[in-house]
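Fold and geometry: a report
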Amino acid sequence: MNKDRALKSLASSNPLNRPMQHSSHRRKFLKTVAAGMAAAALPTGLAAQSNRPLSLLTWDAYADPNLLALWKDQTGVDVRYEIHISDPSSVNRLRAGETSVWDFINVNNPWARNIMWPAGLIKDLPRDRFEPLYADMKPKFQMPYKWAMSEDEEHLLGIVQRYETFDFVINPDVISPALAQDEGWDLFNNPDFAGRYGILAYEDWNVMDICMGAGVHPFREKSDEDVAKFEETCKRWIENASFITTDFVQLNLAILNGEIDLYFTGGTYTTAAARLEGVTELYAITPNSGPADGKGGINWIELNSAVNNPDFQESAFDWLEFITTVDAAELVARGNGNLQPVSQMSNPDLMARFSTDELAAIQWDEFDQRIANAVEFDIVPDYDRLYDIYSAAMRDRG
Amino acid sequence: MSQRSSPGPWFAAPVAIFMLVCFAAPIFIVAWYSLMPSRTFGLTGDLTLENYRSAVTDGYTRPLMWSLIGAATTTLATAILAWPTAVILHRYAGRWAAVASALIALPIFISESVRLFGMSVFMMPRGGILAGTMNAVFDIQIGSILNTWSAAQIGMIYIHLPFMLFPLLLGVSLIPADRIEAARDLGATRWQTFREVELPLAAPGLLIGMLLTFVLCLGANAEAAILGGRAVTVITAAIEQRFNYAQDWPMGAALTVIVILVTALIVLPVLSRLDLNRLTRR
């Protein structure tokens, strides 16, 4: 802010605003030039700091034009953004040196604690400023919340916001939701559904889902027997898929069109917008049980973090606080026409802003139960080995 | 008297530096990465050819084969479709040629993904535009090729046709009408005229179109993903997987180098036979 004031003061004494009529103006001009030259002599990073927009490497909800407009109105700070392709690809970009490009990153919970913090890619948040924000969240997120903290519990790594379970989607006109919740991942093992399901190629998620279908805990070390079970299930599921795509709209259309009856991976994220439009043929399922400590669902939690940019901007912290305000959290929950539960929904002021139809679209009545039936997303041990099996099965498809 | 040194190298220096920094250096870095141990992120590991061995033994020849087949068949199909189109536009369309060319070029300005999603809705079974219309209007139930390699191939032909057509238009315009008349007067059949006169004269344009289409198709990914339903994995999808979800940059780099080498092996001999001066001399 001091820098802003200094810039404003320089701008207000800009001699080009008025004609130089006498010596006092010349002196002012010379002083201004001297100040400008002094500024130019500052380290380039510092000089550039005030000019650089806040840079977000983010999922699309945080690039919602209404959210960015509200931020701009409140702070006057410009924002630029780029939408993720996937969590690993964005972490790759930071690894490849883009920490000097970005100020903010939001990826799923394990990345911050297990990868980005140890690699020095993100910055810890001032605990006195950010820990109180957790008090306004759902009880699940009360401090010390594991995924928001470093391994040694000394550093706060981010702010939790969007979260849900992400498992599979059915057409409830073909399969009853209660049956699907009871059957869980075995639906994809059922030969009757061979060729009747699609796969949303969020490939790290697919690996976890296939573990579930193989009866293997995705987040535990795998024995050779576990890997063999994974391999058999993986080949069969990929071979039996009607089609595989990275676009969930294609999968939703295929369900509507009767081409398929179910798909994985999916959840509120892939169905809410269509359900809000009145599409009743899409229903997000979290299995009642499964091999992950008795749980069959997987719960992702997005963690918003400040990138360890060598030219760090304080406005990154302001942004992290801003997104938790009721107005901003509402916009995030509705980000770019989608609907997504946010941790601040424990706040009655925020809850009051959602209509009955909107809550029905995100299946809010069973949301807490779904979260209870899900294990929290984590790094998959032996992921490399499992992913190589998965990608080989993909190559063998044709 | 001392001889003045030629200013040529000085004038060429900016372009040479640009090419070195923007083209040669990235390729060198990718090639260097391909020699690093699998699933490492540094450039200082022990050099190894293990990634190239894995590329052969771990089934990556199949995605490469699909990409080569896709590129070759698309090049051939677009050439067959573009030749009569170019001839008609050049010789018979008159003042409508510009309008027709603009209409063909127009889709290029629309995102490739959007066009492919449009095709996907068109091809969709049951309620798709084609199947739904056939059912509603003619009471005919048809299946669909959506989510097959054939659908991906049709998408590739649709997307890449303009890249063949416009160079070919240039090539066809190099054929003087009197040569064709002379050949016919001398008793050549239509096939002989095409083979002995038209094809050799239009060859530079045809070759450029074929090179463009082939190289673009070798790197194409969206068609197999959006229309093909990943019925097959093309080499670019396999490379993307290695860089992205597998976090295996060296292996991704090795596959990239292999694609570059295969492309160079096919393209460079053709390029060396190409006389660009002839194409631009009207």
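Computed from a prediction, not measured in an experiment: that's the story for all the values here.

1. Description of the overall build of chain B
Looking only at helices and strands, one finds 13 helices and zero strands in chain B. What you see in chain B, going N to C, is helices and strands ordered as α-α-α-α-α-α-α-α-α-α-α-α-α. Over its C-alpha trace chain B gives a radius of gyration of 24 Å, far above what one expects of a compact globule, namely 19 Å for 282 residues. A buried classification covers 35% of the 282 residues belonging to chain B. Partitioning the contacts of chain B with sequence separation of at least 6, the portion at a separation of at least 24 is 71%.

2. Description of the overall build of chain A
Helix and strand counts for chain A come out as 19 helices and eleven strands. Partitioning the contacts of chain A with sequence separation of at least 6, the portion at a separation of at least 24 is 77%.

3. A few points about the packing of helix 7 (residues 149-172) of chain B against helix 9 (residues 190-218) of chain B
Residue and element names in this part refer to chain B. Helix 9 packs onto helix 7 with a crossing angle of 160° between their chain directions and a minimal axis gap of 7 Å. Here helix 7 is positioned roughly antiparallel relative to helix 9, judged by the angle of their axes. Crossing of helix 7 over helix 9 shows right-handed handedness. Residues Met 156, His 160, Phe 163, Met 164, Pro 167, Leu 168, Leu 170, Gly 171 and Val 172 of helix 7 pack against Ala 202, Ala 203, Pro 204, Gly 205, Leu 206, Ile 208, Gly 209, Leu 212, Thr 213, Leu 216 and Cys 217 of helix 9. Split by residue class, the contact of helix 7 with helix 9 holds 15 nonpolar, five polar and no charged.

4. Regarding the pairing of strand 10 (residues 297-307) of chain A
Residue and element names in this part refer to chain A. Among the eleven residues of strand 10, eleven are classified as buried, and the element is accordingly described as predominantly covered. Taken together, the five bridges between strand 3 (residues 104-108) and strand 10 define a ladder with antiparallel strand orientation. Directly across from Val 107, in strand 10, lies its bridge partner Leu 303. Across two bridges, the pairing between strand 4 (residues 122-123) and strand 10 is antiparallel. When the sheet's bridge partners are listed, Lys 123 is paired in strand 10 with Ala 306. As paired elements, strand 5 (residues 159-170) and strand 10 share five bridges and run antiparallel to each other. Bridging from a neighbouring strand, Glu 164 pairs with Trp 300 of strand 10. One ladder, built from three bridges, connects strand 10 with strand 11 (residues 374-376); its direction is parallel. Residue pairing in the sheet places Ile 298 in a bridge with Val 375 of strand 11.

5. Examining the interface of chain A and chain B
Each side of the interface is counted separately: chain A has 28 residues, and chain B has 26 residues. Secondary-structure elements contributing two or more residues to the side of chain A that touches chain B are helix 5 (87-95), helix 10 (203-213), strand 7 (243-245), helix 12 (248-256) and helix 19 (383-396) of chain A. At seven residues, the largest contribution of residues to the side of chain A that touches chain B is made by helix 19 of chain A. Its residues assigned to classes, the side of chain A that touches chain B comprises nine nonpolar, eleven polar and eight charged.

6. With respect to the nonpolar core
Formed by 112 residues in total, the largest nonpolar core has its most connected members in Phe104(A), Ile122(A), Val169(A), Tyr263(A) and Val332(A). Residue contributions to this core reach at least three from each of two domains, namely domain 2 (54-163 + 302-362) and domain 3 (164-298 + 376-396) of chain A. Phe166(B), Ala202(B), Ile226(B) and Met251(B) belong to the second-largest nonpolar core, a separate cluster that totals 59 residues.

7. Observations regarding the pairing of strand 3 of chain A
Residues and elements named next belong to chain A. For strand 3, the tally of buried residues reaches five of five residues, placing the bulk of the element in the interior. Here two bridges tie strand 1 (residues 54-58) to strand 3, and the two strands are oriented parallel to one another. Across the sheet, the residue bridging to Leu 57 is Ile 105, located in strand 3.

8. Digging into unusual backbone geometry
All names here are of chain A. Cis geometry is found at the peptide bond from Met 143 to Pro 144, where omega equals 0°. Positionally, Pro 144 belongs in the loop between helix 7 (127-134) and strand 5. Here the bond from Phe 264 into Thr 265 is cis, since omega is -5°, no more than 30 degrees from zero. Positive phi, close to 50°, is recorded for Asn 336, a residue that is not glycine. Structurally, Asn 336 is set in the loop between helix 15 (326-333) and helix 16 (348-351).

9. Structural notes on helix 7 of chain B
Since the α-helix turns once every 3.6 residues, residues separated by three or four places project in the same direction. Residue and element names in this part refer to chain B. For helix 7, built from 24 residues, the straight-helix expectation of 34 Å at 1.5 Å per residue is met to within 8% by its first-to-last C-alpha distance of 32 Å. Of all bends in helix 7, the biggest is about 45°, found at His 160, and the proline Pro 162 comes one to four residues later. For helix 7, the buried fraction is high: 21 of the 24 residues fall into the buried class.

10. Examining the confidence of the model for chain B
Residues and elements named next belong to chain B. Per-residue pLDDT for chain B has a mean of 91; in total, 97% of the residues score no lower than 70. The least confident element of chain B, judged by mean pLDDT, is helix 13 (residues 276-280) at 66; the most confident is helix 3 (residues 61-92) at 96. Across the interfaces of the predicted complex, the ipTM metric reaches 0.87, alongside a pTM of 0.84.

What counts, and where the lines are drawn
Residues numbered from 1 in each chain as written. Chains lettered and ligands numbered in written order. Predicted model: local features only at pLDDT ≥ 70, side-chain atom pairs only at ≥ 80, totals over all residues. Helix = DSSP H or I, 4+ residues; strand = E, 2+ residues; numbered from the N terminus. Rg over C-alpha atoms; globule rule 2.2 N^0.38 Å. Buried ≥ 20, exposed ≤ 12 C-beta atoms within 10 Å, placed from the backbone. Contact = placed C-beta atoms within 7 Å. Axes fitted to C-alpha atoms, helices over the stretch in contact; angles between N-to-C directions. Parallel < 35°, antiparallel > 145°, perpendicular 65-115°, else oblique. Left-handed = near helix turned anticlockwise from the far one by under 90°. Nonpolar A, V, L, I, M, F, W, Y, C, P; charged D, E, K, R; others polar. Pairing = 2+ DSSP bridges. Core = buried A, V, L, I, M, F, W, Y, C linked by C-beta atoms within 7 Å. Domains from an automatic or database assignment. Expected span 1.5 Å × (residues − 1). Bend = angle between axes of the 7 residues up to and from the residue. pLDDT = per-residue confidence, 0-100.

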